[in-house]
Protein chains: 2
Amino acid sequence: AAHAPGPARLTIFLTPPFPFPLPVHKAAVASRLSSSAPAVFHSILHPQISAAENRTNLGLARAEPRRMVKAMAGCPAKMGFRMPAEWEPHEQCWMGWPERPDNWREHAEPARKTFERTAMAISKFEPVTICASAKQYPRVHELMEHQPNIRVVEMSMNDSWFRDTGPTFITREGGSDIGLAEQTIAGIDWEFNAWGGLGGGCFDDWSLDRSIAKKIVEIERIPRFAHTMVLEGGSIHVDGEGTCITTEECLLNPNRNPHMTKLEIENELKDFLGVTKIIWIPLGLHGNNKKCFIS
Amino acid sequence: AAHAPGPARLTIFLTPPFPFPLPVHKAAVASRLSSSAPAVFHSILHPQISAAENRTNLGLARAEPRRMVKAMAGCPAKMGFRMPAEWEPHEQCWMGWPERPDNWREHAEPARKTFERTAMAISKFEPVTICASAKQYPRVHELMEHQPNIRVVEMSMNDSWFRDTGPTFITREGGSDIGLAEQTIAGIDWEFNAWGGLGGGCFDDWSLDRSIAKKIVEIERIPRFAHTMVLEGGSIHVDGEGTCITTEECLLNPNRNPHMTKLEIENELKDFLGVTKIIWIPLGLHGNNKKCFIS
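Only a predicted model underlies this, so the values are computations on that prediction, with no experimental measurement involved.

Asks: Residues and numbers for the overall build of chain A, please.
Replies: Check the secondary structure of chain A and you find eight helices and twelve strands. Within the span of chain A, comprising 295 residues, buried residues form 61% of the whole. Within chain A, residue pairs in contact and separated by at least 24 positions form 73% of the contacts whose partners lie at least 6 positions apart. Element-wise, carbon and sulfur atoms account for 56% of the exposed surface of chain A, whose accessible area totals about 11,400 Å².

Structure, rendered in structure tokens:
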């Protein structure tokens, strides 16, 4: 039994790595480096449980896994969640890998080069996850094989704008008073319709993009708040201290949420982003084909 | 700045979650519940770094991420790695989701029901990851939406036998004397040819199965030892204390590694599994279409 694990090792093997309390954070990268620069967003994923805590929890952990709710219901703001500002410290960056030739020139090669350089640059400071289709996976894997801080994950998508299609990460302070003490981060999975659906949107099919937020929160094992309102991540900005900036051109566009009034949309933003004030700007970023973006 | 993070929070946001030392473990589930039962395998993934250690490492971490090698070279056994036995404590279970209709009867519906029940049962004791194709993903996600210990990850595959196509997890004690102290787990990515390639194997196309091991180690952010020898996980068993059992029918089959002698194969097993003794059984499991399995 020379190789048999000792007590210390055994403890580690027996303790559950998931779910542990995960403070997470999403913040969009404001700067798009060039016209073919990627939309990236960041998340924090970090274990708070010390080895000692794990040892303490050992007996319980095997017989009864920690309580974890995957599908969250209710109002995130009332549960203490808020969306952090993009300039708050974050931990990780998610990116989609561009592929479709009708949207990216020269079969997306120049875009891929830019995404590659961007990922390399970001990975010097924080972990990066690049999501690529099954078709692109072998190539991207080979490209990043020796990049220690970049992981490549298979993911189908209609396009690679993850800031719009990924979840909105929200965070809260942990604490036993909340009840579900484990869940200090969650992801909001908004409805997505390719920037306007069939009434002026970019694409006719967004079925794969609709699953991206689900897939990301599953990989990170964080709970998900599903929402029926159409919202792209690029259409909102928050300061993390109670204010959200958005555009009337986007959220009030009849091709997004025709059945909702401005007040109803405001209330949803307050409930889900943990903000108390909404600043509406009439028109979004000039020349942006997504028509309305705040960035 | 009511919502601005305080110093404690800031520390957590700034420290890197990856790479941290990850003891991991793979052990095949020996029992196949029925003819349509899934092949599953287990892995351990657990953070060893305490919050205090993270705080200490904070300054370094931002400027210079911890050293991590994704593509490992050299001899795992000499680096202190060994493959643990399947009965050693493990932490996590990976499964593939059956789909192809030529291999699974009734369009794989009975198999999926069995895989579903198996995942549910295992998840009562440890986290489970189910990998499903893009086509199957929405259905599996919905099925597992309220299963807190089961995550669903998109992954393309030719078939769902992850014990054969997934990485062989190997583990070692950490320690600064090893040099790369961070890497206490790794995955061996053997060559795979669908149980015999075009000369008697099960399928004509195994291009997607060949990437499964890569995808799993990438998701877990553990390093990968690539190997050119054809080996399915089901063809080997170890006791974790130096002995490997395998079959001549499988590893010595000319449709696996025709250019290697028995001695050469033995040496590779010793170098990569950390074993010192190989027990060869002439024929494998009777009636198994994979022809030769030790289990």
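Asks: Before we move on, could you go through the pairing of strand 4 (residues 92-96) of chain A and cite the residues and values that matter?
Replies: All names here are of chain A. With respect to burial, strand 4 is a largely interior element, five of its five residues being buried. Two elements, strand 4 and strand 5 (residues 128-132), share four bridges in a ladder whose sense is parallel. Bridge pairing in strand 5 places Trp94 opposite Thr129. Running through helix 3 (residues 109-123), the crossover from strand 4 to the neighbouring parallel element strand 5 is right-handed.

Asks: Could you give an account of the sheet that holds strand 8 (residues 185-191) of chain A, naming the residues involved and the relevant values?
Replies: Residues and elements named next belong to chain A. With mixed pairing, four strands are arranged side by side in an open sheet as 3-9-8-7. The sheet is open, and its two edges are formed by strand 3 (71-72) and strand 7 (168-171), each paired on a single side. Against the sheet, helix 6 (residues 212-220) makes contact with strand 7, strand 8 and strand 9 (224-230), and its axis sits at roughly 165 degrees relative to strand 8, the strand it touches most. Docked against the sheet, helix 8 (residues 262-273) engages strand 7, strand 8 and strand 9, running at close to 165 degrees with respect to strand 9.

Asks: I'd like a rundown of a nonpolar patch on the surface, residues and numbers included.
Replies: There is a patch of nonpolar side chains on the surface, built from B:Ile245, B:Ile279 and B:Ile281 and spanning about 190 Å² of accessible area. By secondary structure assignment, the location of B:Ile245 is in strand 11 (residues 243-247).

Asks: So what's going on with the packing of aromatic side chains? Which residues, and what values?
Replies: Each aromatic ring pair is described using two quantities: the centre-to-centre distance and the angle formed by the ring planes. Within the structure shown, the criterion is met by 14 aromatic pairs over all chains. Arranged with centres 5.8 Å apart and planes meeting at 85 degrees, the rings of A:Trp104 and A:Phe115 form a pair that is edge-to-face. You can see A:Trp104 sitting in the loop between strand 4 and helix 3 and its partner A:Phe115 sitting in helix 3, a full eleven residues away along the chain. Taken together, A:Phe81, A:Trp190, A:Phe225 and A:Phe272 form an aromatic cluster joined through their ring pairs. Over the face of the ring belonging to A:Tyr137 we find B:Lys215, whose NZ or CZ atom lies 4.8 Å from the ring centre.

Asks: Could you give an account of helix 6 (residues 212-219) of chain B, with specific residues and numbers?
Replies: With eight of eight residues buried, helix 6 of chain B lies mostly within the body of the structure. Those residues of helix 6 of chain B that sit buried are B:Ile212, B:Ala213, B:Lys214, B:Lys215, B:Ile216, B:Val217, B:Glu218 and B:Ile219.

Asks: Give me the nonpolar core: which residues, what numbers.
Replies: Grouped together as the largest cluster of nonpolar side chains are 26 residues, with contacts concentrated most on A:Met155 and B:Met155. At the level of secondary structure, the elements contributing two or more residues to this core comprise helix 6 of chain A together with helix 6 of chain B.

Asks: Let's hear about unusual backbone geometry: which residues, and what values?
Replies: All names here are of chain A. Positioned with a positive phi, Trp195 is a non-glycine residue whose angle comes to about 60 degrees. Structurally, Trp195 is set in the loop between strand 8 and helix 6. For Trp195, a relative accessible area of 2% translates into the label buried.

Asks: Summarise the pairing of strand 11 (residues 243-247) of chain A; cite the residues concerned and give the values.
Replies: Residue and element names in this part refer to chain A. Within strand 11, four of the five residues are buried, leaving the element largely enclosed by the surrounding structure. Of the strand pairs in this sheet, strand 11 and strand 12 (residues 277-281) are connected by five bridges, and their pairing is parallel. For Thr247, the partnering residue across the bridge sits in strand 12 and is Ile281.

Asks: Tell me about the confidence of the model for chain A, and please be specific about residues and values.
Replies: Residue and element names in this part refer to chain A. Considering every residue of chain A, the mean pLDDT works out to 77; 71% of them sit at 70 or more. In this model residues 1-65 is a low-confidence stretch, pLDDT under 50, and it forms 203 contacts with partners more than four residues away in sequence or in other chains. The ipTM, which scores confidence in the relative placement of chains, is 0.78 for this predicted complex, and the corresponding pTM is 0.78.

Asks: Can you lay out the pattern of salt bridges for me, pointing to particular residues and giving the numbers?
Replies: When charged atoms on two side chains of opposite charge get close, those side chains can pair. Residue and element names in this part refer to chain A. Taken as a whole, this structure holds 32 salt bridges over all chains when the rule is applied. Between Arg105 and Glu106 there is a salt bridge, with its nearest N and O atoms 2.7 Å apart. On the basis of relative accessible area, Arg105 is assigned to the exposed category, the value being 56%. With a shortest N-O distance of 3.5 Å, Lys113 and Glu116 are connected by a salt bridge. Placement of both Lys113 and Glu116 in helix 3 is noted, with a separation of three residues, approximately one turn of the helix. Judged by relative accessible area, which is 43%, Lys113 ranks as partly exposed.

Asks: Pulling in residues and values, what's your account of the sheet that holds strand 10 (residues 236-238) of chain A?
Replies: Residues and elements named next belong to chain A. Strand order in this open sheet of three strands is 10-11-12, and the pairing throughout is mixed. Each of the sheet's edge strands pairs with one partner strand only, and the pair in question is strand 10 and strand 12. Between one strand and the next, the sheet's axes are offset by a mean angle of 20 degrees, whatever the strand orientation. In terms of strand pairing, strand 10 meets strand 11 through three bridges, oriented antiparallel. Considered in strand 11, the bridge of His237 is made with Ile245.

Asks: Give me the state of the cysteines: which residues, what numbers.
Replies: All names here are of chain A. Enumeration according to the criterion identifies zero disulfides over all chains in this entry. No disulfide involves Cys93; its nearest neighbouring cysteine sulfur is the one of Cys131, lying 10 Å away. With a relative accessible area of 0%, Cys93 lands in the buried category.

Asks: Could you give me a rundown of the side chain of B:Arg221, with the residues and numbers involved?
Replies: Structurally, B:Arg221 can be placed in the loop between helix 6 and strand 9 (224-230). Buried within the structure, B:Arg221 lacks any salt-bridge partner; its nearest side chain of opposite charge belongs to A:Glu220, at an N-O separation of 6.1 Å. Side chain to side chain, B:Arg221 and A:Thr129 meet in a polar contact 3.2 Å long.

Asks: Could you give an account of the environment of B:Pro138, with specific residues and numbers?
Replies: Residue and element names in this part refer to chain B. Topologically, Pro138 is positioned in helix 4 (residues 137-143). Judged by relative accessible area, Pro138 falls into the partly exposed class, the value being 44%. Note: C-alpha distance between Pro138 and Glu154 (16 residues apart in sequence) is 9.6 Å.

What counts, and where the lines are drawn
- Residues numbered from 1 in each chain as written.
- Chains lettered and ligands numbered in written order.
- Predicted model: local features only at pLDDT ≥ 70, side-chain atom pairs only at ≥ 80, totals over all residues.
- Heavy atoms only, no water.
- Helix = DSSP H or I, 4+ residues; strand = E, 2+ residues; numbered from the N terminus.
- Buried < 20%, exposed > 50% of the residue type's maximum accessible area, 1.4 Å probe, protein only.
- Contact = heavy atoms within 4.5 Å.
- Areas by Shrake-Rupley, 256 points an atom, 1.4 Å probe, with all protein chains shown as cover.
- Pairing = 2+ DSSP bridges.
- Right-handed = clockwise from strand over helix to strand, strands pointing away.
- Axes fitted to C-alpha atoms, helices over the stretch in contact; angles between N-to-C directions.
- Patch = residues over 30% accessible without salt bridge, like charges linked within 9 Å, V, L, I, M, F, W, Y side chains within 5 Å.
- Salt bridge = Lys/Arg side-chain N within 4 Å of Asp/Glu carboxyl O.
- Phe/Tyr/Trp six-rings, centres within 6.5 Å; stacked < 30°, edge-to-face > 60°.
- Lys NZ or Arg CZ within 6 Å of the ring centre and 35° of its normal.
- Core = buried A, V, L, I, M, F, W, Y, C linked by side-chain atoms within 4.5 Å.
- pLDDT = per-residue confidence, 0-100.
- Disulfide = S-S within 2.5 Å.
- Lys, Arg positive; Asp, Glu negative; His and termini not counted.
- Polar contact = N/O pair within 3.5 Å; in protein donor to acceptor, adjacent residues only side chain to side chain.

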